[in-house]
Amino acid sequence: MTDDVQLLNQTLAYDGGQIIFQDYGVVVIEPSEPGSKDVVYSCAVHGDETAPIEIVRDMIHGIMRGSIKPVQRTLFLIANPAAIAINKRFVDMNMNRLFSGAHEKGHSPEHKRAANIEHYVSAFFDDAPSGERRRYHYDLHTAIRDSQYEKFGVYPFTHGGPYKKDQLTFLAECGVTTILLNQAPTTTFSYYSVRTHRADAFTVELGKVKPFGENDRSKFAAAEKMFTKLICEAELDLPEFDPQRTKVFDVCRTINRTVEDFKLYFPDDVANFTPFKQGQLLATDGSKEYRVEQAGERIIFPNANVALGQRALLTVVDIPLERLQLV
Ligand SMILES: O=C(O)CCC(=O)N[C@@H](CCC(=O)O)C(=O)O
Ligand SMILES: [Zn+2]
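The rules behind the values
Residues numbered from 1 in each chain as written. Chains lettered and ligands numbered in written order. Predicted model: local features only at pLDDT ≥ 70, side-chain atom pairs only at ≥ 80, totals over all residues. Heavy atoms only, no water. Helix = DSSP H or I, 4+ residues; strand = E, 2+ residues; numbered from the N terminus. Rg over C-alpha atoms; globule rule 2.2 N^0.38 Å. Buried < 20%, exposed > 50% of the residue type's maximum accessible area, 1.4 Å probe, protein only. Areas by Shrake-Rupley, 256 points an atom, 1.4 Å probe, with all protein chains shown as cover. Lys, Arg positive; Asp, Glu negative; His and termini not counted. Charge placed at Lys NZ, Arg CZ, Asp CG, Glu CD. UniProt positions renumbered as here; feature names shortened; annotations may be inferred. Salt bridge = Lys/Arg side-chain N within 4 Å of Asp/Glu carboxyl O. Domains from an automatic or database assignment. Contact = heavy atoms within 4.5 Å. Buried area = accessible area lost by both parts, 1.4 Å probe. Nonpolar A, V, L, I, M, F, W, Y, C, P; charged D, E, K, R; others polar. Pairing = 2+ DSSP bridges.

**A word on the overall build of the protein chain**
Working step 1: When you go through the protein chain residue by residue, the secondary structure sums to 7 helices and 15 strands.
Working step 2: For 327 residues, the compact-globule estimate of 2.2 N^0.38 gives 20 Å, and the C-alpha radius of gyration of the protein chain, at 20 Å, lies within 12% of that figure.
Working step 3: When its C-alpha atoms are laid out on the principal axes, the protein chain stretches across 60 × 45 × 35 Å.
Working step 4: Put simply, the protein chain has 327 residues, and 53% of those count as buried.
Working step 5: As presented, the protein chain carries roughly 14700 Å² of accessible surface, and 48% of it is formed by carbon and sulfur atoms.
Working step 6: Charge centroids of the protein chain, computed over 37 positive and 44 negative side chains, lie 3 Å from each other.

**Observations concerning the UniProt feature "domain: Succinylglutamate desuccinylase/Aspartoacylase catalytic" (unreviewed entry) in the protein chain**
Working step 1: According to UniProt, the feature "domain: Succinylglutamate desuccinylase/Aspartoacylase catalytic" (unreviewed entry) maps to residues 37–231 in the numbering used here.
Working step 2: As a span, residues 37–231 carries 35% helix and 21% strand, and end to end its C-alpha atoms are 8 Å apart.

**Here we look at the pattern of salt bridges**
Should their charged atoms come close, side chains of opposite charge can pair.
Working step 1: Considering all chains together, one arrives at 24 salt bridges under this definition.
Working step 2: The salt bridge partner of Arg113 is Asp23, with a shortest N-O separation of 3.8 Å. Here Asp23 lies in strand 2 (residues 17–23) and Arg113 lies in helix 4 (residues 109–126), a separation of 90 residues in the sequence.
Working step 3: A relative accessible area of 12% places Arg113 in the buried class.
Working step 4: Put simply, Arg89 and Glu49 hold a salt bridge, and the shortest N to O gap is 3.1 Å. Here Arg89, found in the loop between helix 3 (81–85) and helix 4, pairs with Glu49, found in the loop between strand 4 (37–43) and helix 2 (50–65); they are 40 residues apart in sequence, far enough to count as distant.

**Some remarks on the domain arrangement of the protein chain**
Working step 1: The assigned domain composition of the protein chain is domain 1 (4–244) and domain 2 (253–323).
Working step 2: Placing a centre on the C-alpha atoms of domain 1 and another on those of domain 2 gives a separation of 27 Å.
Working step 3: Contact residues are listed per partner, giving 18 residues for domain 1 and 22 residues for domain 2.
Working step 4: The contact between domain 1 and domain 2 buries some 1500 Å² in all, and 58% of this surface belongs to carbon and sulfur atoms.
Working step 5: Where domain 1 touches domain 2, the interface holds 1 salt bridge.
Working step 6: It is strand 8 (residues 178–181) that provides the largest number of residues to the side of domain 1 that touches domain 2, a total of 3 residues.
Working step 7: The residue inventory of the side of domain 1 that touches domain 2, partitioned by class, reads 10 nonpolar, 4 polar and 4 charged.

**Some points on the pairing of strand 2**
Working step 1: Looking at chain direction, strand 1 (residues 11–14) and strand 2 are connected through 4 bridges and run antiparallel. Each bridged residue has a counterpart across the sheet, and for Leu12 the counterpart in strand 2 is Ile19.
Working step 2: Hairpin connection from strand 1 to strand 2: 2 residues lie between these consecutive antiparallel strands, with Gly16 at a positive phi of about 135°.
Working step 3: Here strand 2 pairs with strand 3 (residues 26–31) via 6 bridges, running antiparallel. Bridging from a neighbouring strand, Asp23 pairs with Val26 of strand 3.
Working step 4: Connecting the antiparallel pair strand 2 and strand 3 is a turn made up of 2 residues, with Gly25 showing a positive phi of about 70°.

Set out below in structure tokens:
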């Protein structure tokens, strides 16, 4: 902790550029001869999701020690240090519902931090050298529940734009071979980067939430290797896109909690992506019942304790990848 405080507002050199400690949890890597990519890695939008924090911490330490030498401009964000300090998902508000200006509607620590984070991300992209550049943002998370597909990415709404083969391939190389298509604007961090900064951006769920020190880092090795390569190589040597590699799910329904009396009708240990039988009761929101409508409908991100007005459950169905417009 003492070291972190001493580093605040400091700039250190690494063999290849500078490490700028702009704010708590805001670290900018400026290579002296930057490549054409601007890469954002964020973690701890949810403060108890420790594996992504360990990954980002170790990448920053690797750069400080000289074992990782980025050639691409990189912004590392440890989004919610106050929530990490109390070992909780958030202090007052779920920060991943406060982007794209939603932070203007309140005054909690998360509202303020989300506003500052948007400022840091904008400054990072704006400060890039001129010329054609590619912007990437991987917002790293771990999920509350087990999952039938351990790693999965949320592809934010593209507003009809095509999905990118190189991004699906990069994620597959990270071990993320399941993709969930979000079909509507949201106030998540990854959608903010897509919409406001035209970045290729994803929420990446890397596994299940565990306390610090209990993460099996071997499960993240492929992802860590690819995250490092992306910033250390001028161009990634990715394999050709293989449509067989990635399984795609489409959001079927978003079920919000609108009243105090919200209930889920399946146990806490039911894993993400578990399918349910047609007609089965999934949730009640006061007197409103939510039952499975389609064959093959699966649940994801169930949480009966979200704030009123927020998403308490998603249902998804698998779709053939061939249905996507790919470039
Ligand atoms: O495990 C859970 O129930 C929640 C995991 C989580 O935090 N998921 C993200 C997904 C963001 C997105 O849809 O892009 C979230 O709910 O914020
Ligand atoms: Zn999360």
